[in-house]
Amino acid sequence: PRFNGGDVVVLGAGDTAFDCATSALRCGAGRVYVVFRKGFQGIRACREEVEVAIQEKCELLPFHSPTAVRIDEKTGKIKSLEVQSNQSSDGEHNGSASIQCCAVISAFGSELSPGPLRDTLSAVCEMDQWGYPVVDPMTQSTSDPSLFVGGDLGGVTNLTVEAAADGKLAAW
């Protein structure tokens, strides 16, 4: 995909998340935010992936969890991601924030559990009987022409390297 200067949020702290972050910059993102629940000690990505992302000016937001994806009612496209702080000195949440963005990339291996991400996907694209987006295996596209899906959400990929191949396929 081409981001045409729009900002992108990547969720996760593994190699895939940091690779997605730097790839988003190469696809024209203006700014890229990497949002993850734990602190820097919880980053599972190899040091080199993290260093590249930092060198390329990705912004890291540790101790934050996504709470909602906001959609522009006129265009049907993502306009922001709401996040909640996971850390404070007194054990309470420090508050929430809204990150303006044109795309949210979920880059942690998991199943698509019921919740905000599944709700958002089902509102914008066709879902299969297992609750995953229906994906064209030749292009990784969904029924929404602006939404591409790969990796675990694509339903067939089990390895990070295969998920990366899905991304390459979608980019071509």
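Our structure's up above, just so we're on the same page.
For the structure given in this document, a descriptive report is provided here. (Residues numbered from 1 in each chain as written. Predicted model: local features only at pLDDT ≥ 70, side-chain atom pairs only at ≥ 80, totals over all residues. Heavy atoms only, no water.)

**Thoughts on the overall build of the chain**
- On a plain count of helices and strands, the chain comes out with four helices and seven strands.
- Its helices and strands in sequence order give the chain the pattern β-α-β-α-β-β-β-β-β-α-α, from N to C terminus.
- Taking the principal axes of its C-alpha atoms as reference, the chain extends roughly 45 × 35 × 30 Å.
- Partitioning the contacts of the chain with sequence separation of at least 6, the portion at a separation of at least 24 is 47%.
- Carbon and sulfur atoms make up 53% of the accessible area of the chain, which amounts to about 10100 Å² in all.
- Distance between charge centroids for the chain: 5 Å, based on 14 positive and 22 negative side chains. (Helix = DSSP H or I, 4+ residues; strand = E, 2+ residues; numbered from the N terminus. Contact = heavy atoms within 4.5 Å. Areas by Shrake-Rupley, 256 points an atom, 1.4 Å probe, with all protein chains shown as cover. Lys, Arg positive; Asp, Glu negative; His and termini not counted. Charge placed at Lys NZ, Arg CZ, Asp CG, Glu CD.)

**Details of the sheet that holds strand 1 (residues 8–11)**
- The strand order across the open sheet formed by four strands is 3-2-1-7, and the pairing between neighbours is parallel. A strand with exactly one partner marks an edge of an open sheet, and here the two such strands are strand 3 (59–61) and strand 7 (103–106). In this sheet, adjacent strand axes meet at a mean angle of 20° when their direction is disregarded.
- With three bridges connecting them, strand 2 (residues 32–35) and strand 3 associate as parallel partners. Each residue of the ladder has a partner; that of Val35, found in strand 3, is Leu61. (Pairing = 2+ DSSP bridges. Axes fitted to C-alpha atoms, helices over the stretch in contact; angles between N-to-C directions.)

**Examining the packing of aromatic side chains**
- This structure, assessed with the given rule, holds one aromatic pair.
- Measuring from centroid to centroid gives 6.0 Å for Phe36 and Phe40, while their planes differ by 75°, and the two rings are edge-to-face.
- For Phe40, a relative accessible area of 49% puts it in the partly exposed group. (Phe/Tyr/Trp six-rings, centres within 6.5 Å; stacked < 30°, edge-to-face > 60°. Buried < 20%, exposed > 50% of the residue type's maximum accessible area, 1.4 Å probe, protein only.)

**Section: unusual backbone geometry**
- Even without being glycine, Lys57 reaches a positive phi, approximately 75°.
- Tracing the chain through its elements places Lys57 in the loop between helix 2 (47–55) and strand 3.
- For Gln140, which is not glycine, the phi dihedral falls at a positive 65°.
- Relative to the elements of secondary structure, Gln140 occurs in the loop between helix 3 (116–124) and helix 4 (160–171).

**Some points on the side chain of Ser80**
- Within the secondary structure, Ser80 sits in strand 5 (residues 78–85).
- Residue Ser80 is classed as buried on the basis of its relative accessible area of 4%.

Nothing here speaks to function; it is geometry throughout.
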